[in-house]
Amino acid sequence: MSIESANRFLEAVAYDETLRSKFEGVSSPEDFLRITEQLGYSFTTEELMAIAKEQSQGVTIRRSTGVWKWLRSVKWI
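Now for a description of the structure that goes with this document.

### Description of the packing of helix H1 (residues 3-15) against helix H4 (residues 45-56)
- Between H1 and H4, whose axes approach to 9 Å, the crossing angle comes to 60°. In terms of orientation, H1 lies oblique with respect to H4. Here H1 runs over H4; the crossing is right-handed. On H4, the residues that touch Ile 3, Ala 6, Asn 7, Phe 9 and Leu 10 of H1 are Glu 47, Leu 48, Ile 51 and Gln 55.
- Class assignment of the residues belonging to the contact of H1 with H4 gives a composition of six nonpolar, two polar and one charged.

Spelled out as structure tokens, the structure:
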């Protein structure tokens, strides 16, 4: 599991709508991680949240589309 894998995942999913569509209907961290592992990524929810927090610093406007919308829809806790 690694931060590097989480970074690669976020970069890939940011530009690939087909990849994002694989996560439609995901409602738990376990489901989310199972799909990412099937796609060849390996990271923990803590590693993903650390990257998301780092990349979101200073952001005040949220788009209604893209990666962050569906990341926010999963109940992580």
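### What to know about the environment of Ala 6
- Looking at the secondary structure, you find Ala 6 in helix H1.
- The residues touching Ala 6, leaving out its near neighbours within four places in the chain, are Phe 43, Glu 47, Leu 48 and Ile 51.

### Here's the deal with the pattern of salt bridges
- Applying the stated criterion to the full structure yields two salt bridges.
- In this structure, Arg 20 and Glu 17 form a salt bridge, with 3.3 Å as the shortest nitrogen-oxygen distance. Linking Arg 20 with Glu 17, this pair stays in helix H2 (residues 17-21), spanning three residues, or about one helical turn.
- A residue is classified by how much of its surface remains accessible, and Glu 17, at 58% relative accessible area, is exposed.
- A salt bridge links Asp 31 to Arg 34, with the nearest nitrogen and oxygen atoms 2.4 Å apart. Taken as a pair, Asp 31 and Arg 34 lie in helix H3 (residues 29-38) at a separation of three residues, close to a single helical turn.
- Note on Asp 31: relative accessible area 25%, which makes it partly exposed.

Conventions adopted
- Residues numbered from 1 in each chain as written.
- Predicted model: local features only at pLDDT ≥ 70, side-chain atom pairs only at ≥ 80, totals over all residues.
- Heavy atoms only, no water.
- Axes fitted to C-alpha atoms, helices over the stretch in contact; angles between N-to-C directions.
- Helix = DSSP H or I, 4+ residues; strand = E, 2+ residues; numbered from the N terminus.
- Parallel < 35°, antiparallel > 145°, perpendicular 65-115°, else oblique.
- Left-handed = near helix turned anticlockwise from the far one by under 90°.
- Contact = heavy atoms within 4.5 Å.
- Nonpolar A, V, L, I, M, F, W, Y, C, P; charged D, E, K, R; others polar.
- Salt bridge = Lys/Arg side-chain N within 4 Å of Asp/Glu carboxyl O.
- Buried < 20%, exposed > 50% of the residue type's maximum accessible area, 1.4 Å probe, protein only.

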